[in-house]
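Below, each chain spelled out in residue letters.
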Amino acid sequence: MTDVDSECFALGYGHAVNETLFEAMDHVKTLDQTLFLAEVKAAAAGDKAQTKAAAERLLAARETLYPAPLYLIDTAILGQGEPPQSWKSDSPLNLIVSASQLAEVSAERLAAIRLGIDRGMLEVCGGLDCERNEAVLPVESQLWNLRRGQERVRELIGRPAKVFARQSTAFHPYLPNWLAQADISKLIYLSLDGGTIPHHAAASIRWPAPDGRQIDALTRAPLPASDPQTGFHLAMHLHQTIMQDSAAVLHLRHGVPDAGLWYQDWLKLSALAPALGTWTTVSCFLDEATVGEYASSTSIDEYAPDVSTTTANPISSFARLFRLRRRIDAARTYQGLLQSLGTPADVALVQQIEECEDVVERSMGDDPTETINVESASARQLAQRLVARATGQQSGHLVFNPCPFARRVGLELKGLNGLPAVVAPVIAAQRDGDVTRLVLEVPGLGYSWIPDGNAEPVTPRMTLANGTTVRNEFFEAEIDPETGGLRVFRDANGRANLLGQQLVWQPGSTMRATEVTITACGPALGEVTATGELLDEHGQRLARFKQRFRAWLSRPLLELRVELHPDKPPVGYAWHAYYGARFAARDDKATFVRGVFGHPAPTTHHRSGSPEFIEFRVGKHSAVVLTGGLPFAQRHAQRMIDVLLITAGETCSSFDLCLGLNRPQPAQSAQGMVSPIAIVPLTNGPPPAGATGWLAHLDSSNVLLTSLRPAREPNAVLARLFEVAGVGGAVNLRFARDPRSGAMVDADGLVIMDAIIDGDAATFDLMAHDLVNLKVMWSE
């Protein structure tokens with residue numbers, strides 16, 4: 001087909017759509033058919049001027065119906081089929097791609113992308129380093145994905161992405177806040193894989209986060225360019241958007257196969273005149289078009305993250321990443337504390353931490369060895385700084401807490417010389433063979449010293465394990481001797497049972513214990529272990545199990561370790577075939593609450609999972625299940641919920657959870673559960689400042705410190721803080737040395753607002769649900 005022929009076909013297609021559009025809008029046709037036909041005949045004879053005149057006549061006719069701009073958006077996902085025809089023409093194309101995908105394209109294709117961007121004909125939409133289920137990952141993991149994604153895109157094409165887009169559905173209410181951290185102000189807010197997100201009738205909205213930050217978003221669902229019906233019904237689609245939208249827009253998505261000849265005719269007509277609309281990029285559309293809807297902040301129940309069917313270990317990989325993410329954060333925290341004490345951070349180690357972070361995040365935590373090593377190295381450097389002026393020569397262990405709140409932790413140490421005396425900060429101690437078990441109080445962002453010693457075992461303050469029950473000052477947990485599950489979990493004072501637990505196979509099973517025994521009972525730890533089987537309706541074994549229930553003295557959490565060894569592995573859809581831990585509230589009036597990045601959000605969703613915590617509220621009492629990064633859960637009846645443990649593709653057999661009663665700040669408990677405790681052996685302790693102390697202190701329990709790291713300057717640190725209770729107010733972050741100045745900064749380090757320095761504290765105001773970066777500086 002010659003170029004003249006293709007232009008004539010384009011004019012014919014434009015004429016057909018134009019005529020149908022006039023009929024659809026019940027408008028008198030204004031196109032002069034005689035003149036138009038004459039111009040088309042001249043165009044067929046090769047008269048280029050008449051070809052353009054005919055196209056402009058179609059444009060003039062359409063403008064009698066809709067004189068405002070009619071926007072056309074072409075979208076393609078890199079790797080899904082061949083590039084669309086617009087890639088090779090002068091028609092703008094929006095390419096959705098992650099940085100990892102962009103890094104794998106050929107040099108020739110990458111050069112073509114750069115050229116298209118320079119010509120204004122191509123917009124790279126993305127902003128992520130890699131595609132994954134962000135909605136159930138830690139805040140710092142999500143911010144890493146955005147930060148590294150923008151950095152890699154800038155390295156590859158010379159500029160970061162202006163429009164955020166993702167191929168898989170993983171949106172959540174706080175996303176506008178996160179995008180502000182990456183300096184992204186536009187979004188393609190669409191589910192391109194069939195996932196659940198809120199529906200918006202408008203083509204574009206202004207979407208706010210819970211803290212009030214807003215982002216402009218394209219919400220017009222794309223029409224499939226590969227479907228001939230899209231071209232056949234083009235006039236109807238144009239009629240609908242002209243009549244309904246504040247700014248008329250059509251959105252096409254390319255895939256496999258690509259669009260047919262009708263699309264090529266449309267592009268050819270657009271090259272002559274924008275008779276059927278003007279092709280544009282998403283950012284230009286959002287800049288120029290009138291906002292169609294000022295949306296309200298969404299709730300977490302409006303989204304439904306799904307279990308992956310292609311990822312290896314689709315359940316345990318999240319729990320592993322949560323713990324390794326906190327190890328990376330801990331390593332940075334120790335370097336930040338070191339810098340706050342006046343000792344510059346180790347530049348080589350900081351670089352090693354960043355490299356380790358990239359590996360962990362991109363592999364979803366598959367290689368933990370290097371992460372553990374950098375955390376240990378960072379803690380050793382901080383320990384050496386604290387004992388640099390120590391005059392004693394006592395051997396012992398220095399224990400660090402990277403969280404901003406005090407923690408009572410249960411430790412199991414091998415090779416400890418003797419038994420430490422039960423003197424603060426040691427709350428309880430016992431010796432079992434070559435293992436020393438301790439309960440230790442560690443201040444937030446501080447340390448505790450455990451001296452080596454040969455103290456005599458102390459008389460237990462209470463019996464922590466008896467029969468099939470473990471208990472301490474906070475709770476009493478009774479294990480069912482018939483099933484091996486948790487029969488009673490009650491307050492030590494109120495005596496009201498709040499929660500029960502069993503292991504289940506969905507679609508149906510019976511839990512039967514073969515043995516329930518006390519496996520530890522001492523001054524520090526009480527432990528009951530249950531072993532048994534899961535049986536199907538015919539009495540055939542589905543899986544073997546072992547459940548270990550632990551109660552540490554003065555520690556408010558019941559530790560539950562589940563080991564499952566299936567004889568029948570799950571096959572098929574994860575929500576219909578899985579092994580899980582079922583928790584049941586004591587009555588049908590229980591309210592379910594789940595943690596959303598630390599914020600407790602009431603939920604009625606059928607699949608109301610949370611990687612942080614699930615809370616059951618009954619009257620004035622509550623029981624919380626800390627899932628430790630296990631993100632998926634499914635409700636049964638009114639009062640039961642299953643935490644998924646093993647689905648198709650899962651190879652892990654051991655899972656850790658914790659249970660607590662009436663926890664005032666479950667977000668802190670959830671962060672503490674997955675956060676490490678660094679233990680550094682020393683021979684020249686204790687620190688001159690004392691056996692226990694804090695190096696930094698956050699005074700607000702409703703604020704989580706997600707990150708504390710050394711700044712690029714040797715006399716400054718950066719803290720990222722997130723308000724999780726929906727209550728704003730003044731916040732104080734104190735340090736062991738008096739700071740010189742402080743300021744809230746943006747993602748690029750530019751000052752937004754100065755903080756007030758009062759003695760050892762940096763004081764600033766934090767809005768409800770706000771995420772801020774605080775930079776604190778000291779004199780050189």
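Residues numbered from 1 in each chain as written. Predicted model: local features only at pLDDT ≥ 70, side-chain atom pairs only at ≥ 80, totals over all residues. Heavy atoms only, no water.

J.: Looking at this structure, how should I read the overall build of the protein chain?
T.: A tally of helices and strands in the protein chain yields 15 helices and 44 strands. Along the first, second and third principal axes, the C-alpha set of the protein chain runs to 110 × 75 × 45 Å. Of all 780 residues assigned to the protein chain, the portion counted as buried reaches 58%. Taking as baseline every contact in the protein chain between residues at least 6 positions apart, the subset at least 24 positions apart corresponds to 70%. Summing over all exposed atoms, the protein chain offers an accessible surface of approximately 30700 Å²; the carbon and sulfur share of this is 51%. Separation of charge centres in the protein chain, based on 70 positive and 88 negative side chains, amounts to 5 Å. (Helix = DSSP H or I, 4+ residues; strand = E, 2+ residues; numbered from the N terminus. Buried < 20%, exposed > 50% of the residue type's maximum accessible area, 1.4 Å probe, protein only. Contact = heavy atoms within 4.5 Å. Areas by Shrake-Rupley, 256 points an atom, 1.4 Å probe, with all protein chains shown as cover. Lys, Arg positive; Asp, Glu negative; His and termini not counted. Charge placed at Lys NZ, Arg CZ, Asp CG, Glu CD.)

J.: Sorry if this is basic, but what is going on with helix α10 (residues 261-272) here?
T.: Each full turn of the α-helix corresponds to 3.6 residues, which orients residues three or four apart in the same direction. Taking 1.5 Å of rise per residue, the 12 residues of α10 would be expected to cover 16 Å, and the 17 Å separating its terminal C-alpha atoms lies within 8% of that figure. Within α10 the residues assigned to the buried category are W262, Y263, D265, W266, L267, L269, S270 and L272. (Expected span 1.5 Å × (residues − 1).)

J.: Please clarify how unusual backbone geometry should be interpreted in this entry.
T.: Note: most peptide bonds trans; most residues except glycine with negative phi. In the segment running from A424 into P425, the intervening peptide bond is cis, with an omega of 15°. Within the secondary structure, P425 is located in the loop between β13 (407-414) and β14 (426-432). Residue P686 follows G685 across a cis peptide bond; omega there is -5°. With respect to the helices and strands, the residue P686 is situated in the loop between β34 (678-685) and β35 (692-694). Its identity is not glycine, yet N313 carries a phi of approximately 50°, on the positive side. Mapped onto the fold, N313 is located in the loop between β11 (293-294) and α12 (316-340). Judged by its relative accessible area of 14%, N313 is buried. Positive phi values are uncommon outside glycine, yet A637 reaches one of about 55°. For A637, the position within the fold is in the loop between β31 (633-636) and β32 (640-646).

J.: I'm lost on the sheet that holds strand β15 (residues 435-442) in this one. Help?
T.: Two modes of strand pairing occur in sheets, parallel and antiparallel, and in both the strands are linked by backbone hydrogen bonds. With antiparallel pairing, 3 strands are arranged side by side in an open sheet as β13-β15-β14. Two strands close off the open sheet at either side, each with one partner strand: β13 and β14. Between one strand axis and the next, the sheet turns through 15° on average, direction left out of account. Looking at chain direction, β14 and β15 are connected through 6 bridges and run antiparallel. Across the sheet, the residue bridging to A429 is L438, located in β15. (Pairing = 2+ DSSP bridges. Axes fitted to C-alpha atoms, helices over the stretch in contact; angles between N-to-C directions.)

J.: It is not clear to me how the sheet that holds strand β41 (residues 751-754) should be interpreted in this structure. Could you clarify?
T.: Read across the sheet, 5 strands follow the order β37-β38-β44-β40-β41 without closing on themselves; strand pairing throughout is antiparallel. One side of each edge strand has no neighbouring strand; the edge strands of this open sheet are β37 (703-710) and β41. Strand-to-strand twist of the sheet, defined as the mean angle between neighbouring strand axes without regard to direction, takes the value 30°. Packing against the sheet, α12 makes contact with β37 and β38 (716-723), and its axis sits at approximately 65° to β37.

J.: Teacher, can you tell me more about the packing of α12 against helix α13 (residues 347-363) here?
T.: If you want to describe how two helices pack, look at the angle between their axes and the distance between the axes. With their axes 10 Å apart at the nearest point, α12 and α13 run at an angle of 170° to one another. Considering the angle they form, α12 stands roughly antiparallel to α13. Crossing angle aside, the handedness with which α12 passes α13 is left-handed. For the pair formed by α12 and α13, the contact residues are L321, L324, R325, I328, A331, R332 and Q335 on the first element and L349, V350, I353, E354, C356, E357, V360 and E361 on the second. Here the contact of α12 with α13 is composed, by residue class, of 9 nonpolar, 1 polar and 5 charged. (Parallel < 35°, antiparallel > 145°, perpendicular 65-115°, else oblique. Left-handed = near helix turned anticlockwise from the far one by under 90°. Nonpolar A, V, L, I, M, F, W, Y, C, P; charged D, E, K, R; others polar.)

J.: What should I look at first to understand the nonpolar core in this one?
T.: A general tendency of soluble globular proteins is for nonpolar side chains to be buried together. Formed by 70 residues in total, the largest nonpolar core has its most connected members in L564 and F583. With 6 residues, α12 is the largest single contributor of residues to this core. The residues contacting F583, other than those within four sequence positions of it, are L499, G500, Q501, L560, F616, V625, R639, M640, I641, V643, L657 and L659. A10, Y13, L31 and Y263 belong to the second largest nonpolar core, which has 41 residues in total. (Core = buried A, V, L, I, M, F, W, Y, C linked by side-chain atoms within 4.5 Å.)

J.: Looking at this model, I keep getting lost on the pattern of salt bridges. Mind explaining?
T.: Two side chains that carry opposite charge are able to pair once their charged atoms sit near each other. Evaluated as defined, the whole model comprises 51 salt bridges. With its nearest N and O atoms 2.7 Å apart, the salt bridge here joins R512 to E533. Linking R512 in strand β22 (residues 510-521) with E533 in strand β23 (residues 525-535), this pair joins segments that are 21 residues apart in sequence. Residues E527 and R550 are paired through a salt bridge, measuring 2.5 Å at the closest nitrogen-oxygen approach. In this pair, E527 sits in strand β23 while R550 sits in strand β24 (residues 541-552), placing the two residues 23 residues apart along the sequence. Both residues of the pair, E527 and R550, count as buried. (Salt bridge = Lys/Arg side-chain N within 4 Å of Asp/Glu carboxyl O.)

J.: Could you clarify how one ought to interpret helix α3 (residues 48-65) in this entry?
T.: Taking 1.5 Å per residue as the helical rise, α3 with its 18 residues ought to reach 26 Å, and the 27 Å between its terminal C-alpha atoms agrees with that figure. Buried within α3 are the following residues: T51, A54, A55, L58, L59, A61, R62 and L65. Along the long axis of α3, the arc covered by the buried residues comes to 165°, so they all point the same way. Looking at the buried side of α3, the elements it contacts are α1 (3-24), α2 (33-44) and α10. (Arc of directions from axis to C-beta.)

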